[in-house]
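Per-entry structural report
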Amino acid sequence: MKHYAVKRLLQLIPILLAITFLSYGMMRIAGSDVVEQKMENTSGTVSQEMIDSAREELGLDKPFVVQYFTWLGNLLRGDMGTSYVSNKPVFSTFVSKLPATLLLTLVSIFLTVLISIPLGIWSAVKQNRATDYVIRTASFIGNSLPNFFVSLLLMYLFAIRLNWFPVISRGVSLQSVALPALTLAIAMSAKYLRQVRATVLDELSKDYVLGAKARGVKFSTTMIRSVMKASLVTIITLLTLSIGSLLGGTAIVESIFMWDGVGKMAVDAINMRDYPIIQAYVMWMAIIYVVFNLITDLSYRFLDPRIRLGGIEQ
Amino acid sequence: MKDTVTVRVQKVKKSGIKTRLIFFLILVAILLLVTLFANQIAPYDPYAQDLSRSMLPPSPEHWMGTDRYGRDLFSRVLVGAQTSIFATLALVGVISLFGTVVGTLCGYYGGALDSVVMRISDVCLAFPGLVFALAIAALLGGGVSNAVLALAVISWPKYARVARSQTLALKNSSFVAAARLSGSTSGQMILRHILPNILGPILVTAMLDIGTMMMELAGLSFLGLGAQPPTAEWGNMMSGGRSMLQTYPWLVLSPGFAIFLTVVIFNLLGDTVRDYMDPKNSRAR
Amino acid sequence: MKKILALLLALCMVLGLAACGSGSNAPAASGGKKTFVFGDTTFNAENEEPDINPHYAYSGWPCIRYGVGETLMKIADDGSLQPWLAESATNINETSWEIMIKDAVCFSNGKKCDAAAVKACLEHLIEVHERAADNLKIASMEADGQKLTIVTSEPNPILMNYLSEAYGCIIDMEVGIPENGCVVGTGPYVATEVVTDDHVSLVKNTNYWDGEVHIDEITVRTISDGDTLAMALQSGEIDAAYGMAYASYPLFENDNYKFTSIQTSRCFWGMVNLHVENPGYAIMSDPAVRKAIALGINKQGFVDVLLNGYGYTATGAFPDSFAFGQGVNTVSYDPAQAKAVLEQAGWVDTDGDGIREKDGQKLSIRWLTYPSRQELPLLAESAQATLKEIGIEVQINSTKDHNSIRKDPTQWDIWVSANVNAGLGDPANFFDTYCLDASIKNSGGHHSDRLEKLAVQLRGTFDPAARAKIAVEMQQELLDDNSYIFCSFLRMSMIMQKGVTGLEAHTCDFYELTAALDIN
């Protein structure tokens, strides 16, 4: 297990290298000149000499690959450069956006669990009955509405009509997080509810459930002891993957609710072509991806005895 | 006694699924036909502006009302279907085809090819779609096709993985081993024995993916990285009319309803195809 | 396993309760303090306003708007100058000015704002801010108590107008430009926190030199999304809003809200790209094409429908309420004539796709604009349709990044923006910024000998009536060439909750949050 985790962590390195190299290259091709962008508003008349000396200072006169490795070297020393827009260090800017995204992730995951697991199980138990159809229809609707539309509806209902929650966030607080989190949870629940239902149905059709019934074990006991336990693998996989994607920030929802997190930062940076920030965002996404994949793998191994004992080839 | 009952239930279930399948296939066919002939069906030119007829509510004359520029919304929704649905279908088609081919080859041959391709797919999955869309928009300009390209680059690994794991499982199965013993070449093996058997899961994944991808495209349009004005595209139309949800709701509800309906139809079809292919439902076959 | 489950369930419940329990939405009025929240769509990096440092790009705008900084003179709604930090400004000779700073003025940190402090501030300004240095043409300054003498390198008749620009906010250079961006000005409010693209926190300036300040704490929120802005005002989370989309106005036309609106010189206008390296040069350099574009934009329709009537059509660069905005003339919307002009110049649709061609080149132009001024994309799409009718294809690029794209002459053919053209009560700034060889924002590479000559003349003319005459001539020069197309002026409004008083819209669009602001 430990050995496996270390191996997977080591795999992180080439992926990160490839991704940073790729994004660095893309930004260089796509973007306008860093120097001009930087000097544009900060200094007086810009002469060609000033531009040249600034390029030299930033190492921009060197070949692209050299530049990349210089950037990488700085990165390893903890220097991610400064934002073109705010002129503040990228690292601290990035870190300042993390708590908001973390809270949003946490709350929306909990809301998703709260909605999707009970409804999914209920729907499975009542398969093909009215309850099932109602729940599934609801999940279809939730699954078919674009995020920005859901956010507008929620704003209208909860903020304007009912006045329960604020429209725009007032800092990182539970009250402010409610609407953006609910928006995200609705879409995710709609998706997971179906998965939970399918898994539970799958489990229910297995012989042991019938056997338990035959032996007179109470249905709820079977549900809790066996069925849910068996469904947990699916659910945990889903959740870790979702946490991963949520941690990357949710561009649209964060922008609409003025939630000052990583996703909004990314959208703002992308709009302003603020490459150092974009670069940091790309790295963050890559790290999340690899780490959460690892967690999923490990949890599989931990939860599923067949994999744990090496019975099934990975 | 008990067995016969079970069999009958399964049969009923199976034929129920079949009816459902046919029903949804017809619905999708209608949808596609309407989309295909949208230009002929549309009562007005979807791009003709008439500022004197701006923001009219739905009426017999304009079924879905008009937008800010006095364009007929019903015509725009119809023609927008071409952009939205065809772009989505093209996207899903390309990535599922490409992903399946790559995944099957990786699963079948394994080795260095497999490791390299899987690492590449890791990179694609880990790369944020937004940044990709931006880079592509900056290099090639905005537009639906470039948004599709951006989404394709980050979405194909999903299919490659499904195909790869299915191939791996099949490779070790007895019938493939038998075929190998009977002297089939690798090409024959893949084409005759492996591909036909993994198409089911791929098809289901693709069907269920259509809704997701349609909304992803709409999301990119929302951020200004997708379809450009005046292209009639549902995501574009929705985001353009968004600020008038309270005052002129039809501007956002019309395209919203179109997206909703399409996604629901494709999702239902996807679900039905999955049920249909589920071996548990085919014991009676 | 059971434990995990139990834990999960418990967490869900806690969260559910937390989510439900956090439902109260009382305004944050703590301890009898008066608080005020202002929502603004334009305060962002996209508008070159990443913070409130007046010496950076356009960050002076939020500095003056939100009452952090103040300028030496103030521009009244009729365009005249009124004393503010300065008691008087006298023109001793063509190149020297004597400015008396009011004795009472002090910075929010309590330090007295004397001539030396103003001098230090302006010295830093012209050192780091190209546009300001260009406008002001300050050669030297001398400070003596409250008396500041400014000598300009050449006659600058509108020095005091320029010093009333947002970059002219006087800040305490002993504090300088701190890391956190909270510059120290003389205004009624003191910045305590600046977060780019998110918010600025302000508190009452207890040392304010010009009367009592009523509001204790202000938050200015950047709200880039129009719906969010409308809903935030509806739900009462913000007390007033700047930049509301016209389409949302009906929501607030009732007794619960108040409007303040004024006609401004904020103009929706376009500049044609005449750079030789532009791939579209062959098209844009054809006077017939430019004339057809001018003839092909439905200004009246744009104002009546897309601006919901909150504007008026433009002929030249300035509203006709100013002397320098009168007596100019140009073509108006006339598709038939536009077609004739193109036909005559040899642009004909040979392949039947509705778009004209000439010498194998398609009559297609790239229209660069940006979405933060919400009506700009509407103008683009409206023009796209009317121009298509006369056979010109328009490709719209509406991007927040327009400021860097417009600097690349190969990327666009016409750049359409919305600017306050006579914010300083004088026409010169517009020409200096956009139309001359030396202009920083002459991104289209325009050059006209006559314009340069007139500009020199304008620079040396002190009499307002004579200045107006020259300005009219200069506009006519631009209009005759059709390389600058002026579409409409905006009626600017702010919407507020009914309890808000003292918030007033001004023609120059500078002063928003002042000491007069109060809320009941």
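1. Here we look at the overall build of chain C
From N to C terminus, chain C includes 15 helices and 21 strands. Computed over its C-alpha atoms, the radius of gyration of chain C comes to 25 Å, within 12% of the 24 Å expected for a compact globule of 520 residues. In terms of overall dimensions, chain C has a C-alpha envelope of 80 × 75 × 45 Å along the principal axes. Taken over 520 residues, chain C has a buried fraction of 61%. Looking at chain C alone, contacts between residues at least 24 apart form 69% of all its contacts between residues at least 6 apart. As presented, chain C carries roughly 18300 Å² of accessible surface, and 51% of it is formed by carbon and sulfur atoms. A distance of 2 Å separates the average location of the 38 positive side-chain charges in chain C from that of its 69 negative side-chain charges.

2. Things to note about the interface of chain C and chain B
Taken residue by residue, the interface counts 21 residues in chain C and 15 residues in chain B. Area buried by chain C at its contact with chain B is led by Asp227, Ala247 and Glu381 of chain C, which between them contribute 30% of it. For the pair chain C and chain B, the interface holds one salt bridge. Its salt-bridge partner being Arg71 of chain B, residue Glu381 of chain C comes within 2.9 Å of it at the nearest N-O pair. Counting only elements with at least two residues in the side of chain C that touches chain B, the list comes to helix H6 (226–234), helix H9 (299–306) and helix H11 (376–389) of chain C. With six residues, the single largest contributor to the side of chain C that touches chain B is H11 of chain C.

3. Topic: helix H8 (residues 287–295) of chain C
Given 3.6 residues per turn, any residue in an α-helix points the same way as the ones three and four places further on. All names here are of chain C. For H8, the tally of buried residues reaches seven of nine residues, placing the bulk of the element in the interior. The set of residues buried in H8 consists of Ala288, Val289, Arg290, Ala292, Ile293, Ala294 and Leu295. Near the N-terminus of H8, the side chain that reaches the backbone nitrogen of Ala288, with its oxygen 2.9 Å away, is that of Asp286.

4. Considerations on the domain arrangement of chain C
Residues and elements named next belong to chain C. The assigned domain composition of chain C is domain 1 (29–256 + 498–519) and domain 2 (263–492). Each of domain 1 and domain 2 was reduced to a C-alpha centroid, and the two centroids are 30 Å apart. The partner domain 2 presents 37 residues to the 42 residues of domain 1 that form the contact. Considering only the surface of domain 1 that becomes buried against domain 2, Glu46, Pro157 and Tyr246 emerge as the three largest contributors, covering 25% of it. Taken together, the links from domain 1 to domain 2 amount to one salt bridge. Note that Arg266 and Asp509 form a salt bridge whose closest N and O atoms lie 3.2 Å from each other. At the junction of domain 1 with domain 2, the criterion picks out five residue pairs in polar contact (both at pLDDT 80 or more).

5. What about a nonpolar patch on the surface?
Residues and elements named next belong to chain B. Taken together, the side chains of Ile22, Ile26, Ile30, Leu33, Val34, Leu36, Phe37, Ile41 and Phe86 make up a nonpolar region of the molecular surface, amounting to roughly 780 Å² of accessible area. The element that contributes the greatest number of residues to the nonpolar patch is helix H1 (residues 2–36), accounting for six residues. By the element assignment, Ile22 lies in helix H1.

6. Examining the state of the cysteines
Enumeration according to the criterion identifies zero disulfides over all chains in this entry. Sulfur of Cys106 of chain B: no disulfide; nearest cysteine sulfur belongs to Cys124 of chain B and is 12 Å away. With no disulfide partner, Cys508 of chain C has as its closest neighbouring cysteine sulfur the one in Cys169 of chain C, 12 Å distant.

7. Some words on the packing of aromatic side chains
All names here are of chain C. Throughout the structure, instances matching the rule amount to 38 aromatic pairs over all chains. Ring centres 5.0 Å apart and planes at 85 degrees place the aromatic pair Phe318 and Phe324 in the edge-to-face group. Through a chain of ring-to-ring contacts, the aromatic side chains of Trp269, Phe318, Phe322, Phe324, Trp415, Phe430, Phe431, Tyr434, Tyr484 and Phe486 assemble into a single cluster. Just above the ring of Trp84 sits the side chain of Lys74; from NZ or CZ to the centre is 4.5 Å. In this arrangement the basic side chain of Lys74 is found over the ring face of Tyr511, its NZ or CZ atom lying 5.4 Å from the centre.

How each quantity is defined
- Residues numbered from 1 in each chain as written.
- Chains lettered and ligands numbered in written order.
- Predicted model: local features only at pLDDT ≥ 70, side-chain atom pairs only at ≥ 80, totals over all residues.
- Heavy atoms only, no water.
- Helix = DSSP H or I, 4+ residues; strand = E, 2+ residues; numbered from the N terminus.
- Rg over C-alpha atoms; globule rule 2.2 N^0.38 Å.
- Buried < 20%, exposed > 50% of the residue type's maximum accessible area, 1.4 Å probe, protein only.
- Contact = heavy atoms within 4.5 Å.
- Areas by Shrake-Rupley, 256 points an atom, 1.4 Å probe, with all protein chains shown as cover.
- Lys, Arg positive; Asp, Glu negative; His and termini not counted.
- Charge placed at Lys NZ, Arg CZ, Asp CG, Glu CD.
- Buried area = accessible area lost by both parts, 1.4 Å probe.
- Salt bridge = Lys/Arg side-chain N within 4 Å of Asp/Glu carboxyl O.
- Polar contact = N/O pair within 3.5 Å; in protein donor to acceptor, adjacent residues only side chain to side chain.
- Domains from an automatic or database assignment.
- Patch = residues over 30% accessible without salt bridge, like charges linked within 9 Å, V, L, I, M, F, W, Y side chains within 5 Å.
- Disulfide = S-S within 2.5 Å.
- Phe/Tyr/Trp six-rings, centres within 6.5 Å; stacked < 30°, edge-to-face > 60°.
- Lys NZ or Arg CZ within 6 Å of the ring centre and 35° of its normal.

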